[in-house]
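Each chain is listed here by its residues.
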Amino acid sequence: MKRIVLLTCMFMLMMVSLGYSQTEEGAYLNFDYLKVKAEDYTEFEEFVQTQWKPLYENKIDKEKITGWYFYRVAYPGGQAADYNYVLLTTFDELNTMVEVNGEMRKQIADLEADIMQQTFDLATHQFSELWKTEAGTMNNVEKAPGLYAVMNYMMVKPGKEAEYITLENDMARPLHEARIEQGEMYSWRTYSLLKPGGLDYQYNFATIDYYEELNDIEYGFTNELIKSVMPGTDINKMFEAIYATRDIVKSELWLLVDSFE
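The structure displayed is predicted, hence computed values, not measured ones. (Residues numbered from 1 in each chain as written. Predicted model: local features only at pLDDT ≥ 70, side-chain atom pairs only at ≥ 80, totals over all residues. Heavy atoms only, no water.)

## Describing the layout of surface pockets
Okay, step 1: Of the pockets and cavities examined, the largest pocket occupies roughly 450 Å³.
Okay, step 2: Elements supplying a minimum of two residues to the lining of the largest pocket: strand 5 (148-156), helix 5 (161-181), strand 7 (205-211), helix 7 (235-243) and strand 8 (246-259).
Okay, step 3: Residue classes in the lining of the largest pocket are distributed as 16 nonpolar, six polar and four charged. (1 Å grid on protein atoms, 1.4 Å probe; cavity = no way out; pocket = protein on both sides within 12 Å on 5 of 7 lines; lining within 4 Å. Points joined across faces, edges and corners; volume = space filled by probe spheres on them. Helix = DSSP H or I, 4+ residues; strand = E, 2+ residues; numbered from the N terminus. Nonpolar A, V, L, I, M, F, W, Y, C, P; charged D, E, K, R; others polar.)

In structure tokens:
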């Protein structure tokens, strides 16, 4: 059963095209978190790119699966981390995910035995999450996605969800747009977690900041930036309003290994 789950995840995450669909309001994302031994990093990345990717590049259904991203988790690093690779697939509708799952299971049986075995040997599928895009902005220049992604996992307080999304749109979006215009950021998105959920789960929202240059992750919402974009804003009250809605549970740095469009 574990082998079938891992293969299905790999199929879903490879049979896609990059259309910047993570930037569209209401887009859905499937995250699959994988664990690979440190000594197998190079082999795993080459395996995904040379063995799996070619199987699906000619089978892209742009009406069903709209994007794929293959990330290595740079920080946290090491074998103590729960996962070190993340595969993202994006969809326009939730129903298409069910359809794709069915199609993928049918195709698993046609895989060559050695490809299947190598997949099991290199990667362990840890868990999956389903997310929905709530807000964001991006660089309109046609180029590859940002090389670096800072993933910020948030716990938004019960009853504060609508207020949090409003603050992201009204306060964070203009500041991110200014950073993008200044060339300090590639794009930014806010996501809500659909499944799994519940009081025992550590987070329910996330933001991802996309960058081309690693140096740019140091500089966020400075007083100078806020004053230039929102003159007259009480900076202390602004941050108090944001902090009153959510807590940052953890922040990770991901490196884009591959994608296709």
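That shown, we press on.
## Regarding the pattern of salt bridges
Okay, step 1: Across all of its chains, the model carries four salt bridges by this definition.
Okay, step 2: For the salt bridge of K160 with E163, the shortest nitrogen-to-oxygen distance reads 3.5 Å.
Okay, step 3: Residue classification places E163 among the partly exposed residues on the basis of a relative accessible area of 36%. (Salt bridge = Lys/Arg side-chain N within 4 Å of Asp/Glu carboxyl O. Buried < 20%, exposed > 50% of the residue type's maximum accessible area, 1.4 Å probe, protein only.)

## A few points about the nonpolar core
Okay, step 1: Among the nonpolar cores identified, the biggest contains 23 residues, and F31, W131 and W254 are the most heavily contacted of them.
Okay, step 2: Of all the secondary-structure elements, those providing two or more residues to this core are strand 1 (28-36), strand 2 (65-75), strand 3 (85-91), strand 4 (123-138), strand 5, strand 6 (187-195), strand 7 and strand 8.
Okay, step 3: Membership of the second largest hydrophobic core comes to 14 residues, among which are V48, W68, A123 and V257. (Core = buried A, V, L, I, M, F, W, Y, C linked by side-chain atoms within 4.5 Å.)

## Description of the environment of P145
Okay, step 1: Residue placement: P145 occurs in the loop between strand 4 and strand 5.
Okay, step 2: Take P145: its relative accessible area is 6%, and that puts it in the buried class.
Okay, step 3: Once the C-alpha coordinates of P145 and S259 are considered, the two residues, 114 residues apart in sequence, prove to be 8.3 Å apart.

## Concerning the confidence of the model for the protein chain
Okay, step 1: On average, the protein chain scores 82 in pLDDT, and the residues at 70 or more come to 76%.
Okay, step 2: Per-element confidence in the protein chain is highest for strand 5, whose mean pLDDT is 96, and lowest for helix 1 (residues 2-14), whose mean pLDDT is 46.
Okay, step 3: A low-confidence stretch, residues 11-23 stays under pLDDT 50, and its non-local contacts, those more than four residues away or across chains, total 75 contacts. (pLDDT = per-residue confidence, 0-100. Contact = heavy atoms within 4.5 Å.)

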